[in-house]
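Results of the structural survey
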Amino acid sequence: MLANLLPNVEWDMIWAATVETLYMTGIAVVATFILGTILGLLLFLTSKGNLWENRLANMIIAAVVNIFRSIPFIILIILLIPLTKWMVGTMLGANAALPALIIGAAPFYARMVEIALREIDKGVIEAAKAMGASTATIIWKVLLPESLPALVSGITVTAIALVGYTAMAGVVGAGGLGNLAYLEGFQRNHNDVTFVATVLVLIIVFVIQFIGDFVTSKIDKR
Amino acid sequence: MCMIILENVTKIYEASNGSVTAVDNVSLQIKEGEIFGIIGYSGAGKSSLIRLLNGLEKPTNGKVIVAGRDIANIKGKELRKARQEIGMIFQHFNLLWSRTVRENIAFPLEIAGVPKEQRKKRVDELIQLVGLQGREDAYPSQLSGGQKQRVGIARALANNPKVLLCDEATSALDPQTTDSILELLVDINKRLGLTIVLITHEMHVIRKICDRVAVMENGKIVEQGEVLQVFRQPKQAITKRFVQQVVEPEETKETITHLLDKYPNGMVVQLTFVGEAAEQPLIANVVRQFQVDANILQGKISQTHQGSYGVLFVHIDGEKEEVARAIDYIRNQQVAVEVMTNAR
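Residues numbered from 1 in each chain as written. Chains lettered and ligands numbered in written order. Predicted model: local features only at pLDDT ≥ 70, side-chain atom pairs only at ≥ 80, totals over all residues. Heavy atoms only, no water.

Here we look at the interface of chain A and chain B
Listed by partner, the interface residues are 22 residues for chain A and 22 residues for chain B. Here chain A packs against chain B, burying approximately 2000 Å² in sum over the two surfaces, 63% of which is carbon and sulfur. Where chain A meets chain B, there are 2 salt bridges. The shortest N-O distance in the salt bridge between B:Arg51 and A:Glu126 comes to 2.5 Å. On the surface where chain A and chain B come into contact, there are 7 residue pairs in polar contact (both at pLDDT 80 or more). Elements that contribute at least two residues to the side of chain A that touches chain B include exactly α7 (122-130) and α8 (135-174) of chain A. No other element matches the 7 residues that α7(A) contributes to the side of chain A that touches chain B. For the side of chain A that touches chain B, the class distribution of residues is 10 nonpolar, 4 polar and 8 charged. (Contact = heavy atoms within 4.5 Å. Buried area = accessible area lost by both parts, 1.4 Å probe. Salt bridge = Lys/Arg side-chain N within 4 Å of Asp/Glu carboxyl O. Polar contact = N/O pair within 3.5 Å; in protein donor to acceptor, adjacent residues only side chain to side chain. Helix = DSSP H or I, 4+ residues; strand = E, 2+ residues; numbered from the N terminus. Nonpolar A, V, L, I, M, F, W, Y, C, P; charged D, E, K, R; others polar.)

Printed below as a string of structure tokens:
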């Protein structure tokens, strides 16, 4: 029955493409979380009135973040071709998409991290200082735990944006559901393939959102 | 022995539209084991002053010595070590919402590197001390204001500090909760011999628990002394205003004006009693010994940390000379007398 409705869908190919999309998104989310958190912390700590207040450093980091956040993703992929070739050795396959995905998403997430950190009550940081906490202690035991719900909902939004990015990366040869929908679906006029790929992307997005909301509500004790 | 010494301390903030002198040449000595209050309106510089004591702010000039350490000139590890000996509690409690009561109290112990087993033991002791048994695993959002401040106090005491700084610690609490927190502070002060420095804008807090008080205005300390002494003889206008907060019912001024109109004869006097004098049958003696009538118009006795303090407004009527003699008699009983006159 399913075979009649979707005559052109080859399920093993769909499965392989889904795994590729999940692989790209998964690695990129983890790397974006780490890199974005570090950048966000630096943005926050070097800003006015904070622990490492430093105008020059803050301006440089903010400039880097803004530049990479402003470049449209499809252009970023093209600009990063030399870097990707040097790092991964090829422009084909899921791994080739990773540098662009991470460099595209980390600055975006860094801004969210900065906003999350700015939401923390200044009094709590002052209290930790008054207790004799070092900067490392303040980062690990105050800043990150106190902003965790916002960090998690931020990475949820970023992860969903990354699913979209992987589809775009797919068009230029990185594999995954986007690649499948474009090459097998659109170019060969197999609308059922495009349809299945779209539904799978939607399912992935819904699942990410559900997990994100669930974790956020679990850890938020305010 | 002085626990805290401030010498000619000045704190100036540089802002884009000029500089602000928050603390202006303040010298202060606070003895070991005393409860010292600093009172002032907002903007008087008391928040800056208390933050100089644990190095959250650095003085522009002057010397800050706390528990023998030169707070203004140490930094890094040494300053962090010093801060572990100076507990601090805050107006808005500043607890970590992501941690339970137990974990919040354990936080300063983690900072000090206390091993886990000892940490648990110490936290249990502190929960007993501040009376939070049964709430150990609650999150701050599940606590009342008073309970939050108890967590704050337990947290501040975790590393056995020598000094406890209270930054408007009761200003966000209702009167009843304020009293219970103040009682807890006195209890801690007695039991642990802790030196407590508190800043507030409520004279009620000073009256209730302080041994000595300093009054701050525009960054300067304009008056300081034993609480009872300051209550008896406030010198500066601002101090008088603060004393009035507690001793005079709000409507007193109006009532007095009204009475001065109503009783053109005789005199309306304000009697101020301190300590033992407050407990003598003074008015009865006056009426018995002199040919005067005494009519009590308004009165209040307040309990301070060191003894009672009372104010009474009395209308005394009779022959002019007799009234004068009665007033002389009252003066001889160690009671301050102020003759009220109509402003008009």
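Some thoughts on helix α2 (residues 76-84) of chain B
Every buried residue belonging to α2(B) is among B:Leu79, B:Ala82, B:Arg83 and B:Gln84, and all of these are buried. At its buried positions, α2(B) is contacted by α7 of chain A together with β5 (69-70), β6 (86-90) and α3 (101-111) of chain B. (Buried < 20%, exposed > 50% of the residue type's maximum accessible area, 1.4 Å probe, protein only.)

Topic: the nonpolar core
One recurring pattern in soluble globular proteins: nonpolar side chains tend to sit buried together. Ranked by size, the top nonpolar core spans 89 residues in total, and within it A:Leu143, B:Ile38 and B:Leu53 carry the most contacts. Residues in contact with A:Leu143, not counting those within four places in the same chain, are A:Leu41, A:Phe44, A:Leu45, A:Leu117, A:Ile120, A:Ile125 and A:Ile138. In terms of nonpolar packing, the next biggest core, distinct from the first, is built from 63 residues, B:Ala169, B:Ile209, B:Phe231 and B:Val243 among them. (Core = buried A, V, L, I, M, F, W, Y, C linked by side-chain atoms within 4.5 Å.)

A few points about the environment of A:Ile208
All names here are of chain A. Mapping isoleucine 208 onto the fold places it in helix α10 (residues 191-219). On a C-alpha basis, the gap between isoleucine 208 and valine 163 in space is 9.8 Å, while along the polypeptide they are 45 residues apart. Apart from residues no more than four positions distant in its own chain, isoleucine 208 is found in contact with Thr156, Ala159, Ile160 and Val163.

Some points on the pairing of strand β3 (residues 35-39) of chain B
Residue and element names in this part refer to chain B. Here β3 lies mainly inside the structure; 5 of its 5 residues are buried. Here β3 shows a buried face lined by Ile35, Gly37 and Ile39 and a second buried face lined by Phe36 and Ile38. Here β3 runs beside strand β8 (residues 195-200); their pairing, made up of 5 bridges, is parallel. Bridge assignment links isoleucine 38 to a residue of β8, and that residue is isoleucine 199. (Pairing = 2+ DSSP bridges.)

Here we look at the environment of B:Thr195
Residues and elements named next belong to chain B. Here threonine 195 lies in strand β8. A relative accessible area of 0% places threonine 195 in the buried class. Placed 135 residues apart in sequence, threonine 195 and threonine 60 show a C-alpha to C-alpha distance of 25 Å.

Taken by themselves, the reported measurements are silent on function.
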